[in-house]
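Structure assessment
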Amino acid sequence: MGNLLDSLVARKVCVKETVSLCISFIMAMEALTQLLNRAVDDGRIKLHPKCETPRVTHLLFADDLLIFSDGSRTSHAGIASVMREFKEMTWLDINPLKSEIFFGGYLDSEAAALSNMSDFKIGTFPTRYLGLPLNPARISMATLQPFLDKITGKLQSWTTFYAKIDSLCAAFLWRNHTGSASGARVAWKDVCKPKAEGGLGLRPLEEFGTVFTLKRVWIFFSSSGSLWVDWLKNHVFHREGFWSLSYYPRLSPTVRSMLQLHHVVSEFMRCEVGNGGTASFWFDHWTRLGPLILFAGQNTPRSLRIRKNAKVIEATRNGEWLMPAARSQELQSIQIELTTISAPIVGNEPDKFLWLKSDGTNGLETHHHLFFECEYSSALWQPCASTVWPLPPTYIHSAASWILRPQQASNSSSAVIVKLVFQSSVYLIWKERNARIFTATSTPPQVLQKALDRLIRDRLLSFPASTPSSPSMLELYFSFCPP
């Protein structure tokens, strides 16, 4: 027992020390951030031309540090002075043997001279970071080949990068090696179908790439506080928006891959207009008509005197829609639709983007929606709980607080019944959710309500009356919900 206690105490001390080290490291990095920002403000470090708006002096990932500057001698000297000051404060120093300096737009002789000043070796692209290739240009198949070799080696006997991986997986499935999958009984595309359609539910690797790209698009629209989003809006989409920017080779591979998915994004992306300062009047799906540029045609902006890249707020004046007389059926339909929508006002909440399916749902079942914002679950919880106490909330945390309120909890017998209703409702809803997911079966609300009533009755049978003269818990329940 003593050894066990010693082990637990040692582990607790180790956890405390780890937390303390993490906090100390975060504080040290915050100090470095302030030093770099002050050096920029003082003019000792000149920012990279594309790091001015939004300001990006550096990026931190774990214990790795990337500092951006214009590459001038002044900036090199300023960075060196900041790192010396940081060393004096924290005793943390740069290891020149593990550091590299990368240049863009400099002659080899200039890069060599600046590298000698910093005592860092010159880095070249493509380089590796955390085992992955890092390159400002498109990553070639030759760069990706080591990853193909790793995957082949891990499987041991498991055109494009994606197609090659799928080919290896198919060969491993049918032949138990990474050679050819010829002679397979079922095509790989059929193997990757959902189980309900006769497949194994596997996903082609290319679909993962598409999903990751869609995630970037979603972050671009929904994460206004992201440094990456701010940089894109100031340097890539500052003249043309996401929907109207033309695809051209000078764009980064990441941005090009996002633009290639216009047709997919337009199918799911919706916008709720608040202050109208972000939503595109012509290109975003913010009305029941869909994107207005697609509904009315490319020449409509001129007819309505609203520029093509205008935000929704630009089509208003003093809180009213500003529209000329309609000269076509399409323009008339737009004006009729706008009469059903309140004009945005600057003081409103920001515009909000939503990812919805064609049926108007987002396809995601959140905890709060399940308990008990959903109409189905609310129909189970509210009628039963409201017979005991009035106005049961439809929000799970509010429901818990409602049950524990002192004025409610003072009636102990009623509190027990409400707690039982709450627990039983959660249990039955979760059970129904799993049945729908794993067996594709559903239960009508009326049947589930009867199951809830039976579950409560069976449980209350085991509760005796507090005194011989007082009613039992089951009798009290029947007074609320007559049998």
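Scroll up for the structure.
1. Some points on the overall build of the protein
- Summing up its helical and strand segments, the protein has 20 helices and ten strands in all.
- Evaluated residue by residue, the protein yields a buried proportion of 33% over its 483 residues.
- Carbon and sulfur atoms make up 57% of the accessible area of the protein, which amounts to about 30,500 Å² in all.

2. Considerations on the side chain of S81
- Tracing the backbone shows S81 in helix α2 (residues 73–90).
- Residue S81 is classed as buried on the basis of its relative accessible area of 19%.
- A polar contact is formed between the side chain of S81 and the side chain of R44, at a distance of 3.3 Å.

3. Observations regarding the packing of helix α7 (residues 205–222) against helix α8 (residues 227–235)
- Where α7 meets α8, the axes come as close as 9 Å, and the angle between the chain directions of the two elements is 80°. Put simply, α7 runs roughly perpendicular to α8. Every residue of α8 that contacts α7 at R216, I219 and F220 is listed here: W228, V229, L232 and K233.
- Looking at the contact of α7 with α8 residue by residue, the classes come out as five nonpolar, no polar and two charged.

4. Describing the nonpolar core
- Membership of the largest hydrophobic core comes to 39 residues, with the highest contact counts inside it found for F237, F242, F281 and W282.
- For this core, the secondary structure elements donating two or more residues are α7, α8, α9 (253–259), α10 (262–268), β7 (269–272), α11 (292–296) and α13 (329–338).
- The element best represented in this core is α7, accounting for four residues.
- Non-local contacts of F242, meaning those with residues more than four positions away in its chain, are made with V217, F220, F221, F237, M258, L259, H262 and V265.
- Formed by 31 residues, the second largest nonpolar core is a distinct cluster that contains I396, W402, L428 and L452.

5. Notes on the packing of aromatic side chains
- With the rule as written, the count across this model stands at 19 aromatic pairs.
- Each ring, one from F237 and one from F242, has its centre 6.2 Å from the other, and the planes form 50°; the classification is tilted.
- A residue is classified by how much of its surface remains accessible, and F242, at 4% relative accessible area, is buried.
- Each residue in the set F220, F221, F237, F242, W243 and F353 is aromatic and connected to the rest through ring pairs, giving one cluster.

6. Overview of a nonpolar patch on the surface
- The grouping of L173, W174, V186, L200 and L202 at the surface amounts to a nonpolar patch, some 390 Å² of accessible area in total.
- You can see W174 is positioned in helix α5 (residues 161–175).
- A residue is classified by how much of its surface remains accessible, and W174, at 32% relative accessible area, is partly exposed.

7. Some thoughts on the packing of helix α19 (residues 445–460) against helix α20 (residues 473–480)
- Close contact between α19 and α20 brings their axes to 8 Å; oriented N to C, the two are set at 150°. By the criterion of interaxial angle, the relationship of α19 to α20 is roughly antiparallel. Crossing of α19 against α20: the hand is right-handed. Every residue of α20 that contacts α19 at D453, I456, R457 and L460 is listed here: M473, L474, Y477 and F478.
- Its residues assigned to classes, the contact of α19 with α20 shows six nonpolar, no polar and two charged.

8. Some points on the pattern of salt bridges
- Per the counting criterion, the structure on display carries ten salt bridges.
- Between E85 and R38 there is a salt bridge, with its nearest N and O atoms 2.7 Å apart. Of this pair, E85 sits in helix α2 while R38 sits in helix α1 (residues 2–41), placing them 47 residues apart in sequence.
- Between R307 and E314 there is a salt bridge, with the nearest N and O atoms lying 3.1 Å from each other.
- Assessed through its relative accessible area of 38%, E314 is described here as partly exposed.

About the criteria used
Residues numbered from 1 in each chain as written. Predicted model: local features only at pLDDT ≥ 70, side-chain atom pairs only at ≥ 80, totals over all residues. Heavy atoms only, no water. Helix = DSSP H or I, 4+ residues; strand = E, 2+ residues; numbered from the N terminus. Buried < 20%, exposed > 50% of the residue type's maximum accessible area, 1.4 Å probe, protein only. Areas by Shrake-Rupley, 256 points an atom, 1.4 Å probe, with all protein chains shown as cover. Polar contact = N/O pair within 3.5 Å; in protein donor to acceptor, adjacent residues only side chain to side chain. Axes fitted to C-alpha atoms, helices over the stretch in contact; angles between N-to-C directions. Parallel < 35°, antiparallel > 145°, perpendicular 65-115°, else oblique. Contact = heavy atoms within 4.5 Å. Nonpolar A, V, L, I, M, F, W, Y, C, P; charged D, E, K, R; others polar. Core = buried A, V, L, I, M, F, W, Y, C linked by side-chain atoms within 4.5 Å. Phe/Tyr/Trp six-rings, centres within 6.5 Å; stacked < 30°, edge-to-face > 60°. Patch = residues over 30% accessible without salt bridge, like charges linked within 9 Å, V, L, I, M, F, W, Y side chains within 5 Å. Salt bridge = Lys/Arg side-chain N within 4 Å of Asp/Glu carboxyl O. Left-handed = near helix turned anticlockwise from the far one by under 90°.

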